[in-house]
Structures are given as structure tokens and as C-alpha cells.
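# Analysis of the macromolecular model
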Amino acid sequence: MKNRVKNALEKNCDVLIIFDADSDYQETKSCIEKTIKKSEVRIFLFPDDSSKGRIENLLEKIINPRYEHIFKCFESYKKCLGDKYKHPDDKAKIYAYKDAHGLIEKQKKQDENPFTREEYWDFENDALQPLKHFLKRNLS
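This one's a predicted model, so the numbers in the text were calculated from it and none came from an experiment.

## What to know about the overall build of the protein
For the protein, the count of helices and strands is 7 helices and 2 strands. On the principal axes, the C-alpha backbone points of the protein span a range of 50 × 35 × 30 Å. Burial statistics for the protein: of 140 residues in total, 35% are counted as buried. Contacts in the protein between residues at least 24 apart in sequence constitute 60% of all its contacts with a sequence separation of at least 6. Accessible area of the protein: about 9600 Å², with a carbon and sulfur share of 49%. Each charge sign in the protein was given a centre, from 28 positive and 26 negative side chains, and these centres are 3 Å apart.

Listed below in C-alpha cells is the structure:
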């Protein structure tokens, strides 16, 4: 990533980095800033550019409300497993959501990009406002 950013900056391109914050927002942002060492690089960290987390946390918030029952199944599954077993992580939940709609197979065949279908995602959800604001501010 560092070389790609360096090459883009040398060509006077605008550079936006959108990355997962993971378990520590500030630590992740500092690490990226130290690695890049360029003030003209703008950074957005999922899920909302202020909290720890990953893109999967944002995606779970923006699922189409008519499919919320799919995630409720995970809660039943976790309850069934109890504390004895490891519970599915956020990546597994999003993968299962996409797979339940047949989107994994379609994506493999490149029939469609499942992240652009309003049928599956609520693109008007307030959880997307920080990302939309970042993109508007930096791409205008």
C-alpha cells in the first residue's frame, strides 16, 4: 500500500484511504499516518471514522430492514452455542447474509456486485452519513 500511495502522490493525485479501524481507532489511524507520512492523504476508518470496528459492522447496520430476520437467526445460533463454543464473527455473518441471497455465486460469476443492490442494503441509512460526508468533502 505504501508504494501505491507514494506513486499516486508523486503524480499529484488525491489519495483517500478507507480502511478498517479494527480494535483501536486512534492506534490504527496513527499507524497509517506514520506509515504514509504525508499530510495530503485523507483517511477514513470504518465503521464511522470515529469508532473501533470494521466494514462488516457498517454493513450489518445498513442491511435492508426486510432482511433483519437473517441476523436474528445468528442471535439464536449464538444462544444455542452458549459459552462453550466460538461464535461466528462479523465477517461470517456478512458472508452468510450474502450467501443466503445467492450473491456469493453471482459475484463469482461477475453477474453483479452485491454491494450496489438496494434490494439488499439500505443506502439511506444514517450509519452511512460519515462515509458520505467524507466522500463528498474529498471528491468534490
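## Structural notes on the state of the cysteines
Counted under the stated rule, the structure contains 0 disulfides. Here Cys 80 stays unpaired: no disulfide links it, and the sulfur of Cys 73, its closest cysteine neighbor, is 12 Å away. Residue Cys 80 is classed as exposed on the basis of its relative accessible area, which comes to 69%.

## Things to note about the side chain of Asn 125
As for its placement among the helices and strands, Asn 125 is situated in the loop between α6 (103–108) and α7 (129–139). Residue Asn 125 is classed as buried on the basis of its relative accessible area, which comes to 19%. Residues within four places of Asn 125 in sequence aside, it is in contact with Lys 61 and Ile 62.

## So, the nonpolar core
Counting residues in hydrophobic clusters, the biggest one holds 19 residues, and the most contacted among them are Leu 58, Ile 62, Phe 71, Tyr 97, Tyr 120 and Trp 121. Among the elements of the structure, β2 (41–46), α3 (55–61), α4 (68–81), α5 (90–100) and α7 are those that each provide at least two residues to this core. Of all the elements, α4 adds the most residues to this core, at 3 residues. Core analysis: the next-biggest nonpolar cluster, separate from the first, contains 12 residues, Ala 8, Ile 17, Ile 36 and Ile 43 among them.

## Remarks on α4
Under the 1.5 Å per step criterion, the end-to-end length of α4 is 21 Å for 14 residues, consistent within 8% with the ideal 20 Å. Of the positions making up α4, those classed as buried are Ile 70, Phe 71, Phe 74 and Leu 81. Taken around the axis of α4, the buried residues stretch over an arc of 95°, which confines them to a single face. In α4, those exposed residues whose orientation departs by more than 90 degrees from the buried face are Lys 72, Lys 79 and Cys 80. Of the residues one or two after α4, Gly 82 is the one with positive phi, at around 65°.

## Notes on the packing of aromatic side chains
Throughout the structure, instances matching the rule amount to 7 aromatic pairs. When the ring of Phe 44 is compared with that of Phe 134, the centres are 5.3 Å apart and the planes differ by 45°; the resulting orientation is tilted. Taken together, the residues Phe 44 in strand β2 and Phe 134 in helix α7 connect sequence positions 90 residues apart. Per residue, the accessibility class of Phe 44 equals that of Phe 134, and both read buried. Joined through ring pairs, the aromatic side chains of Tyr 67, Phe 71, Phe 74, Tyr 97, Tyr 120 and Trp 121 make up one cluster.

## Observations concerning the pattern of salt bridges
For the structure shown, the criterion picks out 7 salt bridges. With its nearest N and O atoms 3.7 Å apart, the salt bridge here joins Arg 54 to Asp 90. Residue Arg 54 is found in the loop between β2 and α3, and its partner Asp 90 is found in helix α5; the two are separated by 36 residues along the sequence.

Reading the values: rules and limits
Residues numbered from 1 in each chain as written. Predicted model: local features only at pLDDT ≥ 70, side-chain atom pairs only at ≥ 80, totals over all residues. Heavy atoms only, no water. Helix = DSSP H or I, 4+ residues; strand = E, 2+ residues; numbered from the N terminus. Buried < 20%, exposed > 50% of the residue type's maximum accessible area, 1.4 Å probe, protein only. Contact = heavy atoms within 4.5 Å. Areas by Shrake-Rupley, 256 points an atom, 1.4 Å probe, with all protein chains shown as cover. Lys, Arg positive; Asp, Glu negative; His and termini not counted. Charge placed at Lys NZ, Arg CZ, Asp CG, Glu CD. Disulfide = S-S within 2.5 Å. Core = buried A, V, L, I, M, F, W, Y, C linked by side-chain atoms within 4.5 Å. Expected span 1.5 Å × (residues − 1). Arc of directions from axis to C-beta. Phe/Tyr/Trp six-rings, centres within 6.5 Å; stacked < 30°, edge-to-face > 60°. Salt bridge = Lys/Arg side-chain N within 4 Å of Asp/Glu carboxyl O.

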